[in-house]
Amino acid sequence: MTRRPITPRDLGRRHPDLLTTGELQERLRLPPPYEDFNGSPPWAPLSDDARERFAQVDGVLALGFPQPATPAEEEALVERFLTGLRRLLSADDNWAFLQPLQLSLEHCARCLSCSDACPIFTASGGEEIYRPNFRAEALRAFVAASRRRGPAVLRRLAGRDVPVNWRSIGRLAELAYRCTLCRRCAQACPIGVDNGLITHEIRKLFSQEFGLAPAELHRDGSALQLRVGSTTGMGPAALRDAVEFIDDEMTEKTGWPVATPIDQAGADILVVHNAGEFVAWPENPGATAVVLNAAGVSWTLSSELLGYDAVNYGLWYDDAQFARVALRHAQVAKKLGVKKIVIAECGHAHKALTVVADRIFGVEYDVPRESILTLLADLVCDSGRLKLDPARNDFPVTLHDPCNIVRLMGIVEPQRRVVRAVCPDFREMAPHGVDNYCCGGGSGFAIMSPHNFADWRLSVAGRMKLKQVLEAFADRPDPAVRKYLCAPCSNCKGQLRDLLAFYHATERSGIHYGGLVELVANALADLPRPFLEWNAAF
Amino acid sequence: MLHAIAPVLLWLGLLLLLGGAAAKIVRYARMPMHVRWELYPIPHEGARAAHGGSYLEQLDWWTRPLPHDRGAMLRAMAGEILLLRGVRERNPSLWFWSLPFHFGFYFMAASSLLVAAGGVAETLGGFRLAQVGGWGAALHWTTRFLEWEGPLLALIGTVGLLARRLGDRALRSYTPPAALLNLLFMIGILGVGLAARRHADPTAALLRARVGEILTLRAGAPAPALVDLELCLFGLFVGYLPFTFMSHAYMKFFTWHSVRWDDRPRRPGEPTDPRLDAALRRPIGWRAPHVGGGGGRTWGDVVGDDGAPAPRDKGVPS
């Protein structure tokens, strides 16, 4: 480990192998009774084979950029990378992001106002390679190298000199998966430079030019979804089975006859869940059915391919995959003839379908999209269609703000109105709302666990969120007091589930997690028994 | 020598400033439509902006009027431009130096316009502002004030920013030689400007006269060397400004209005945006198998297919 500051120029150097100490001794400290996590090794070492085969930045692998076997292969790889860079800056190949990208590449004042905004950089104790501007500066240097304009000394004067070799390229690719794209850094930039966007664009380059993306996002993610209908691998028949099973469970749990409408022609609303809910958290679609039926809403699920899985992983790494999935979602809704799509508790699906896809829909895909948080706020707070007893939620509750829904869409108050209405012991995290911290599972991390990556996302990426949650419940430390961490997002829930397990927070602090609609279902005054069952996961 | 060079550098600098800025603005304005990528809070959301909310918080938002609180937006812009509010909140130690730096340059920009306007008026009108009273005197005294206070504030800010960059380990490593040279060059310009006021032209009247002659292309009487040096350095500075990150002074319009605050939705029933049709007709060259670019394929072709499985996908083996 060198003692001088790491710079993008170091990306191309053979030594040191790692650009961090790999120990992260200065990590963000956790309060009692979690001190034992302050000194523990952050992650297990990689196997020798993995260290040999893939580009290394910090002793962790999320992507795995393979080392070329021959000098000729390396030369071809470099040429392909430079071609990809040019495509990234081309109006034909990157029209959807060209202007925002160029603005961010050309106007950074290198003031580092973004650094402290980043929960990963802060939680790591200030590891240089996690600084939001580090990989952005690296990309700027690569862009300068790709243009090959003027003498090299000028690039050096401008700090834009980076060796272009397989190691620097591979490290850039791997580094693109050390940022959750939460864009808190962009919020802090006085100029409007967006380092999160730059990371997004780096990911795209490797996916769209090299076909290189984490298997969980591409092969087992968007490609699987386009082929069989869902990233869970669930086809339409399996969906119907799952819904039938959930309906039976809900009927038994509530004592009410629960029937989830599927492919109901003429329904007002198409509800689209993250299909992971059917598998990992069936109580969430179950509670949705209970609440919507109790309120007399005209709604339906779809069993069309992709119509029952709101996820769109392309948002995080690939424009072609993103557009394909978004268009299929709109086509399903159009075919059903619903008045609107309501996106259930999945943050990135909210942003993908409502915001980012907005300008790629022509008149033929004209179906308005709305958040279920907004619908729930109306049903709980305004419509008078639900008979609720907040005393049923007589436990401490805090609310996690999914970045995609809050900072990136401005949906802040509806979920708070719901929680305030049904949870008498609600407390905010600090900070919250548009200033929230990411759970550490954003941009696909929650579903990625190759090699030792899960250790990294829990011990570094999610550390700030855990600290926030512990602080929110600091006045009730007794683990016998059951506390509810409400996260209205599937990916956030996945990360929080893993965080609570990794840090033993359910055992040590009595913290459980779940979605928003479950709290509403639990507050239904006429339910014969509580909806929540207080398992580690509901 | 300086007397001969000053007009050339001033004109060259002004042409590069105007031409470079115009070219950059046109280049950005002509870029293709991009997808929405907004970031909250957005001030024109009106009352919801206080908590960072958007129109998407409303049930059936597409049936309701879209908020566009122009007053709130202008107030937010004023807070950003004049008080650097974002920097103050997020990076107070930077704000301490950045505020005088920016205010100094605002003053100097204003005084440059006044010097140019006053100089041209004096040259063409055959009078001296300080002697005509009324608006002329007001212009004269305002210019005199700005020509002192601007460089002074900017110099304080620049020296502070330079010291901060050199004194902070992280900032130092993000400060390439060119950035240091830039700050030193600014210190040089500001120092020369203040020296010209102190030793040669305390009221900026000679500067105004000289600029008036240069802008009206008239041969002028000799001016103090410090004034000519001031003009030479000014020409060099404004000439390279559009080609550096300092162009954020006007490009923030795009970073904020065209990206960060651009939350305009496509309303149901609106005709298809012709820019979308144009975008979908663009050729795509990305070579990954699942994208399948090249061979004359367009974005429309690609998003319409199912995305072939990616044989070259090398996801990390677990």
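Because the structure is predicted, anything quoted here is derived from the model rather than measured.

## Thoughts on the overall build of chain B
- Check the secondary structure of chain B and you find 13 helices and 0 strands.
- In chain B, the succession of helices and strands from N to C terminus is α-α-α-α-α-α-α-α-α-α-α-α-α.
- What you see for chain B is a C-alpha radius of gyration of 26 Å, clearly larger than the 20 Å of a compact globule of 318 residues, by over 25%.
- Along the first, second and third principal axes, the C-alpha set of chain B runs to 75 × 45 × 45 Å.
- By the burial criterion, 36% of the 318 residues in chain B qualify as buried.
- Of the contacts formed within chain B by residues at least 6 apart in sequence, a portion of 64% connects residues at least 24 apart.

## Focus on the overall build of chain A
- A count of helical and extended segments in chain A gives 23 helices and 8 strands.
- Relative to a compact globule of 538 residues, whose C-alpha radius of gyration would be 24 Å, chain A shows 24 Å and is just as compact.
- For chain A, the spread of C-alpha atoms along the three principal axes comes to 75 × 55 × 45 Å.
- Taking the intrachain contacts of chain A between residues at least 6 apart in sequence as the baseline, contacts between residues at least 24 apart amount to 79%.

## Considerations on the sheet that holds strand β8 (residues 511-514) of chain A
Residue and element names in this part refer to chain A.
- As summarised here, the arrangement of the 4 strands in space is β6-β5-β7-β8, forming an open sheet in which the pairing is parallel. Looking along the sheet, the strands with just one partner apiece sit at the ends: β6 (426-427) and β8.
- Sheet topology note: the strand β7 (residues 483-486)/β8 ladder contains 4 bridges and is parallel. Pairing of L485 across the sheet is with Y513, part of β8.
- Contacts from helix α21 (residues 490-502) reach β7 and β8, with the element oriented near 165° to β8.

## A closer look at the packing of helix α2 (residues 71-88) of chain A against helix α9 (residues 195-210) of chain A
All names here are of chain A.
- Where α2 contacts α9, the two axes come as close as 10 Å, and the packing angle between them is 120°. Here α2 is positioned oblique relative to α9, judged by the angle of their axes. The way α2 lies across α9 gives a crossing that is right-handed. Residues R80, T83, G84, L85, R87 and L88 of α2 form the contact with α9, whose own contacting residues are E201, L205, E209 and F210.
- Of the residues belonging to the contact of α2 with α9, the class tally is 4 nonpolar, 2 polar and 4 charged.

## Re α2 of chain A
Residues and elements named next belong to chain A.
- Compared with an ideal rise of 1.5 Å per residue, which puts 18 residues at 26 Å, α2 spans 26 Å between its outermost C-alpha atoms and is within 8% of the ideal.
- For α2, every residue scored as buried is listed here: F81, G84, L85, R87 and L88. Angular distribution of buried residues about the axis of α2 spans 155°; they occupy a single face of the element. Residues of α2 that are exposed and point more than 90 degrees away from the buried face comprise P71, A72, A76 and E79.
- The elements touched by buried residues of α2 are α3 (98-106), α5 (132-147), α7 (166-175) and α9.

## Quick look at the domain arrangement of chain A
All names here are of chain A.
- Taken domain by domain, chain A comprises domain 1 (8-210) and domain 2 (224-522).
- Its C-alpha centre places domain 1 at a distance of 30 Å from the equivalent point of domain 2.
- With 31 residues of domain 1 at the interface, the matching set in domain 2 holds 30 residues.
- Broken down by secondary-structure element, the contributors of at least two residues to the side of domain 1 that touches domain 2 are α4 (119-123) and α9.
- Its residues assigned to classes, the side of domain 1 that touches domain 2 shows 21 nonpolar, 6 polar and 4 charged.

## Observations regarding the pairing of strand β1 (residues 269-272) of chain A
All names here are of chain A.
- Residues of β1 alternate between two faces, with I269 and V271 on one and L270 and V272 on the opposite face, all of them buried.
- Inspection of the sheet shows β1 paired to strand β2 (residues 299-300) by 2 bridges, in the parallel sense. When the bridges of β2 are listed, L270 appears paired with T300.
- Bridge analysis of β1 against strand β3 (residues 340-343) gives 4 bridges, and the strand direction is parallel.

## As for the sheet that holds strand β4 (residues 369-371) of chain A
All names here are of chain A.
- Judged by pairing direction, the sheet is parallel, and its 4 strands sit side by side in the order β2-β1-β3-β4 without closing on themselves. Of all strands in the sheet, those with a lone pairing partner are β2 and β4, marking the two edges.
- Pairing between β3 and β4: 3 bridges, direction parallel. Note on β4: the bridge partner recorded for I341 is R369.
- Across the face of the sheet, helix α17 (residues 372-382) comes into contact with β3 and β4 while running at roughly 65° to β4.

## Let's talk about the nonpolar core
- In this structure, I343, L376 and V520 of chain A are the most contacted members of the largest nonpolar core, which totals 209 residues.
- Apart from the residues within four sequence positions on either side, V520 of chain A is in contact with V291, L376, V380, V418 and V422 of chain A.
- One finds L161, L190, I214 and V238 of chain B within the second-largest nonpolar core, a separate group that totals 38 residues.

## A few points about the interface of chain B and chain A
- Across the boundary between the two partners, chain B contributes 81 residues, which contact 84 residues of chain A.
- For the side of chain B that touches chain A, the secondary-structure elements that each account for two or more residues are α3 (85-90), α7 (169-173), α8 (177-199), α11 (248-260), α12 (274-280) and α13 (299-304) of chain B.
- Counting residues per element, the side of chain B that touches chain A draws most heavily on α11 of chain B, at 9 residues.
- Partitioned by chemical class, the residues of the side of chain B that touches chain A number 45 nonpolar, 21 polar and 15 charged.

## Considerations on unusual backbone geometry
- Following P32 of chain A, the chain continues to P33 of chain A via a peptide bond in cis, the omega torsion being 0°.
- Following Y40 of chain B, the chain continues into P41 of chain B via a peptide bond in cis, with omega recorded as 5°.
- Of note, P41 of chain B is situated in the loop between α1 (2-29) and α2 (70-83).
- Although it is not a glycine, S443 of chain A sits at a positive phi angle of roughly 65°.
- The topology assignment puts S443 of chain A in the loop between β6 and α19 (453-461).
- Positive phi is not limited to glycine here, since L84 of chain B has a value of about 50°.

## Some points on the environment of S47 of chain A
Residue and element names in this part refer to chain A.
- Following the sequence through the fold, S47 ends up in the segment before α1 (48-53).
- Owing to 12 C-beta atoms within 10 Å, S47 belongs among the exposed residues under this scheme.
- The spacing of S47 and R328 is 281 residues in sequence and 41 Å in space, taken between C-alpha atoms.

## Here we look at the pairing of β7 of chain A
All names here are of chain A.
- Side chains K483 and L485 project from β7 onto one buried face, and the interleaved Y484 and C486 project onto a second face that is buried too.
- Bridge count for strand β5 (residues 397-399) against β7 is 3 bridges, and the pairing is parallel. Bridge pairing in β7 links L399 to C486.

The rules behind these values
- By convention here, each chain's residues receive numbers from 1 onward along its written sequence.
- Here chains are named by letter from A upward and ligands by number from 1 upward, in the order in which they appear as written.
- Owing to the predicted nature of the model, reporting of local features is limited to residues with pLDDT of at least 70; listing and counting of side-chain atom pairs is limited to 80 or more, with chain, interface and lining totals taken over all residues.
- For helices the rule is a DSSP run of H or I covering at least 4 residues; for strands it is a run of E covering at least 2, with both sets numbered from the N terminus onward.
- Note that the radius of gyration is over C-alpha atoms, with the globule rule given as 2.2 Å times the number of residues to the power 0.38.
- Around each residue's C-beta, the other C-beta atoms within 10 Å are counted; 20 or more make the residue buried, 12 or fewer make it exposed, and counts in between make it partly exposed. All C-beta atoms are placed from the backbone.
- Any pair of residues counts as being in contact when their C-beta atoms, constructed from backbone geometry, are within 7 Å of one another.
- Strand pairing follows a simple DSSP-based rule, namely that at least 2 bridges must link the two strands.
- Convention adopted: a line fitted to C-alpha atoms gives each axis, helices being fitted over their contacting stretch, and angles between N-to-C directions are expressed from 0 to 180 degrees.
- Geometric relationships in this document are graded by angle, where less than 35 degrees denotes roughly parallel, more than 145 denotes roughly antiparallel, 65 to 115 denotes roughly perpendicular, and other angles denote oblique.
- Throughout, a crossing is termed right-handed when the near helix is turned clockwise from the far one, and left-handed when it is turned anticlockwise from it by less than a right angle.
- Any residue outside Ala, Val, Leu, Ile, Met, Phe, Trp, Tyr, Cys, Pro, Asp, Glu, Lys and Arg is labelled polar, Gly included; the first ten of those are nonpolar and the last four are charged.
- What a helix should span is 1.5 Å times the count of its residues minus one.
- The directions from the helix axis to the C-beta atoms form the arc being described.
- What fixes the domain bounds is an automatic or database domain assignment.
- Connectivity within a nonpolar core runs through C-beta atoms within 7 Å, and the core itself is a set of buried Ala, Val, Leu, Ile, Met, Phe, Trp, Tyr and Cys residues.

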